[in-house]
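Fold and geometry: a report
One-letter residues, chain by chain:
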Amino acid sequence: LEGPEAAPPSGKTTGDYLGLVLLIDFSDFPQTISRQEVDDFCNKAGYTGFGNNGSAFDYFRDVSDGKLRYKNRVAAYYRAKHPRTYYTDPKIAYGTRAQELIKEALDHLVANRFDFSGLSADSSGYIRALSVCYAGTRANDWSEGLWPHAWRLATSYSIGNGRRFGDYQITDLGDQLTLRTFCHENGHMVCDFPDLYDYDRDSVGYGVGH
């Protein structure tokens, strides 16, 4: 696996989009935030939970001046096969265990006949948005384990009828839902936004800031 990297925008992202959110918890880090709360955080206009000024839907609608209406179908929690320490092991190449976890959760949905219909896909059949939110606060340092990132599955995941998952983003739920990282990583995945912050802090103000 190569590391995540910024990509220039490939084209306009406008209209109605529907992505999928996988919720994952662990035997050593069970869920503390309900599926309904995450659904509201993603989709409810005017959401104010945890002190947020709107939902992820509100954010992308507002920054696009109403041109992008992005919502998510939020699946029920999946209990991972292993404790969280297995997936956060810093000795394993970055992204390897995250993608293993994603495949586990997708296998579970397929086995339980989850309804994938309606998810937005590109002309090649790739689902445009797969967000993975896991219970607990991130335990890893940059570029290790389950550190939040947007990337592409090393092997695409087919759900039949020529449709498959490729791009994904993964973020910890923490002890409260916040728009910052979720919208940042979805910006990479859905809109092809590049990173605009200064990686090595050698500029005044460190790039565009927060």
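Reading the values: rules and limits
Residues numbered from 1 in each chain as written. Predicted model: local features only at pLDDT ≥ 70, side-chain atom pairs only at ≥ 80, totals over all residues. Heavy atoms only, no water. Helix = DSSP H or I, 4+ residues; strand = E, 2+ residues; numbered from the N terminus. Buried < 20%, exposed > 50% of the residue type's maximum accessible area, 1.4 Å probe, protein only. Polar contact = N/O pair within 3.5 Å; in protein donor to acceptor, adjacent residues only side chain to side chain. Core = buried A, V, L, I, M, F, W, Y, C linked by side-chain atoms within 4.5 Å. Contact = heavy atoms within 4.5 Å. 1 Å grid on protein atoms, 1.4 Å probe; cavity = no way out; pocket = protein on both sides within 12 Å on 5 of 7 lines; lining within 4 Å. Points joined across faces, edges and corners; volume = space filled by probe spheres on them. Nonpolar A, V, L, I, M, F, W, Y, C, P; charged D, E, K, R; others polar.

1. Observations concerning unusual backbone geometry
- At phenylalanine 50, a position not held by glycine, the phi torsion is positive, near 55°.
- Inspection of the secondary structure assignment puts phenylalanine 50 in the loop between helix 1 (35-43) and helix 2 (56-63).
- Exposure remark for phenylalanine 50: the relative accessible area of 37% places this residue in the partly exposed category.
- Backbone geometry at arginine 113 places phi at a positive 55°, although glycine is not the residue there.
- Here arginine 113 lies in the loop between helix 4 (96-111) and strand 4 (130-134).

2. Considering the environment of arginine 180
- In this fold, arginine 180 is placed in helix 5 (residues 179-191).
- Judged by relative accessible area, which is 57%, arginine 180 ranks as exposed.

3. Some thoughts on the side chain of glutamine 99
- Here glutamine 99 lies in helix 4.
- Among the polar contacts listed, one links the side chain of glutamine 99 to the backbone nitrogen of alanine 154, at a separation of 2.7 Å.

4. Notes on the nonpolar core
- Leu20, Leu22, Ile24, Leu130 and Phe165 are the most contacted members of the largest nonpolar core, which totals 30 residues.
- Sorting the residues of this core by element identifies strand 1 (15-25), helix 4, strand 4, strand 5 (149-160) and strand 6 (163-172) as the ones contributing at least two each.
- If one sorts the elements of this core by residue count, helix 4 sits on top with six residues.
- The next biggest cluster of nonpolar side chains, apart from the first, holds 24 residues, and it includes Val21, Cys133, Leu177 and Cys191.

5. Side note on helix 2
- Considered for burial, the residues of helix 2 that qualify are Ala56, Phe57, Asp58 and Phe60.
- Where the residues of helix 2 are buried, they touch helix 1, strand 2 (68-74) and helix 5.
- Of the residues that open helix 2, the one with a side-chain oxygen 3.4 Å from the backbone nitrogen of phenylalanine 57 is serine 55.

6. Describing the layout of surface pockets
- Taken as a whole, the second largest pocket spans an internal volume of roughly 270 Å³.
- Forming the boundary of the second largest pocket are 14 residues, of which Asp172, Leu173, Gly174, Gln176 and Thr178 lie nearest the centre.
- At the level of secondary structure, the elements contributing two or more residues to the lining of the second largest pocket comprise strand 6 and helix 5.
- When grouped by side-chain class, the residues that make up the lining of the second largest pocket number five nonpolar, six polar and three charged.

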